[in-house]
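Coordinates in review
Next come the chains, spelled out residue by residue.
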Amino acid sequence: MTKNADTKFGSLSWGEIISDSIECPSSRTGHSLTYFEGSLYLFGGKDDYSASNELWQYHIEARAWTKLTCSGPKPPRLYNHAAILYDRKIFVFGGSVGVNFSLWVFDFDVYEWSVYHGDVNWPSNRHSQSVAVFNNHAYMYGGYTFLGTESDDLWCYDLDENYWKAIQIKVTVNLMLCLVTRPSSTAL
């Protein structure tokens, strides 16, 4: 079934895509999906039984899935991570695994995974966070820490220089005194 919506950009619609692939990824949640050069790249996630570290490519025009075989160290089985594309690389931030924060990078030029390590100024491990790219920086906000507490911190990652910086959020509360006066009760 297709749903249509008219917007200032034209008519938008959702529709089911039928894949011509014999092999395709299992149903899952907590995965990431990244677009690069005419294909979608699905990484990780969790099905009914376990988490995954598979990387799948969906060729949009061919309507076909391919499970990719990559060189280099393999990422752990991750879900509830975040992923962004920058400089022909997929950066995978955090996820539901372990105490230490992980940053895995898939390089399209060599079809290889690598793990980036940092110093003590890296964020604590988290999952279910949000990440967005602006210029050569990735901004990461919130999520749940390894201990299960909600995080309200904001981090900035320099994608070219491989370092994190905590962004201090200054909260100012502007209290406004409201004076309420009641009209005098005079007889009409």
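Here, the structure is the one placed above.
Attention here is on the structure that accompanies the text. Bear in mind the structure is a predicted one, so any value in this text is a computation, not a measurement.

**Some words on the pattern of salt bridges**
Two side chains carrying opposite charge are able to pair once their charged atoms lie near each other. Applying the stated criterion to the full structure yields six salt bridges. Here Glu54 makes a salt bridge to Arg28, at a shortest N to O gap of 3.0 Å. Residue Glu54 is found in the loop between β4 (39-43) and β5 (55-59), and its partner Arg28 is found in the loop between β2 (10-14) and β3 (32-36); the two are separated by 26 residues along the sequence. Since its relative accessible area comes to 23%, Glu54 is described here as partly exposed. A salt bridge links Lys67 to Glu54; the nearest nitrogen and oxygen atoms lie 3.3 Å apart. Taken together, the residues Lys67 in strand β6 (residues 64-67) and Glu54 in the loop between β4 and β5 connect sequence positions 13 residues apart. What makes Lys67 partly exposed here is its relative accessible area of 41%.

**A closer look at the pairing of β4**
Regular strands have side chains that alternate between both faces of the sheet. Most of β4 sits inside the fold, with four of its five residues counted as buried. As defined by bridge partners, β3 adjoins β4 across five bridges and the pair is classed as antiparallel. Considered in β4, the bridge of Tyr35 is made with Leu40. Between β3 and β4, which pair antiparallel and follow one another directly, the connecting turn spans two residues, one of which, Glu37, has a positive phi of 45°. In this structure, β4 lies alongside β5, joined through five bridges in antiparallel fashion. Opposite Leu40, over in β5, you have Tyr58 as the bridge partner.

**Re the environment of Phe134**
Tracing the chain through its elements places Phe134 in strand β12 (residues 130-134). Classification of Phe134 as exposed rests on a relative accessible area of 53%. Expressed as a C-alpha distance, the spacing of Phe134 and Tyr86, which sit 48 residues apart in the sequence, is 9.9 Å.

**A word on the pairing of strand β8 (residues 89-93)**
Most of β8 is tucked away: five of the five residues are buried. Side-chain alternation along β8 places Lys89, Phe91 and Phe93 on one buried face and Ile90 and Val92 on a second face that is also buried. Between the antiparallel neighbours strand β7 (residues 82-86) and β8 lie two residues, among them Asp87 with a positive phi of about 55°. The pairing of β8 with strand β9 (residues 103-107) spans five bridges and is antiparallel. Counted as the bridge partner of Val92 is Trp104 from β9.

Quick notes on the rules
- Residues numbered from 1 in each chain as written.
- Predicted model: local features only at pLDDT ≥ 70, side-chain atom pairs only at ≥ 80, totals over all residues.
- Heavy atoms only, no water.
- Salt bridge = Lys/Arg side-chain N within 4 Å of Asp/Glu carboxyl O.
- Helix = DSSP H or I, 4+ residues; strand = E, 2+ residues; numbered from the N terminus.
- Buried < 20%, exposed > 50% of the residue type's maximum accessible area, 1.4 Å probe, protein only.
- Pairing = 2+ DSSP bridges.

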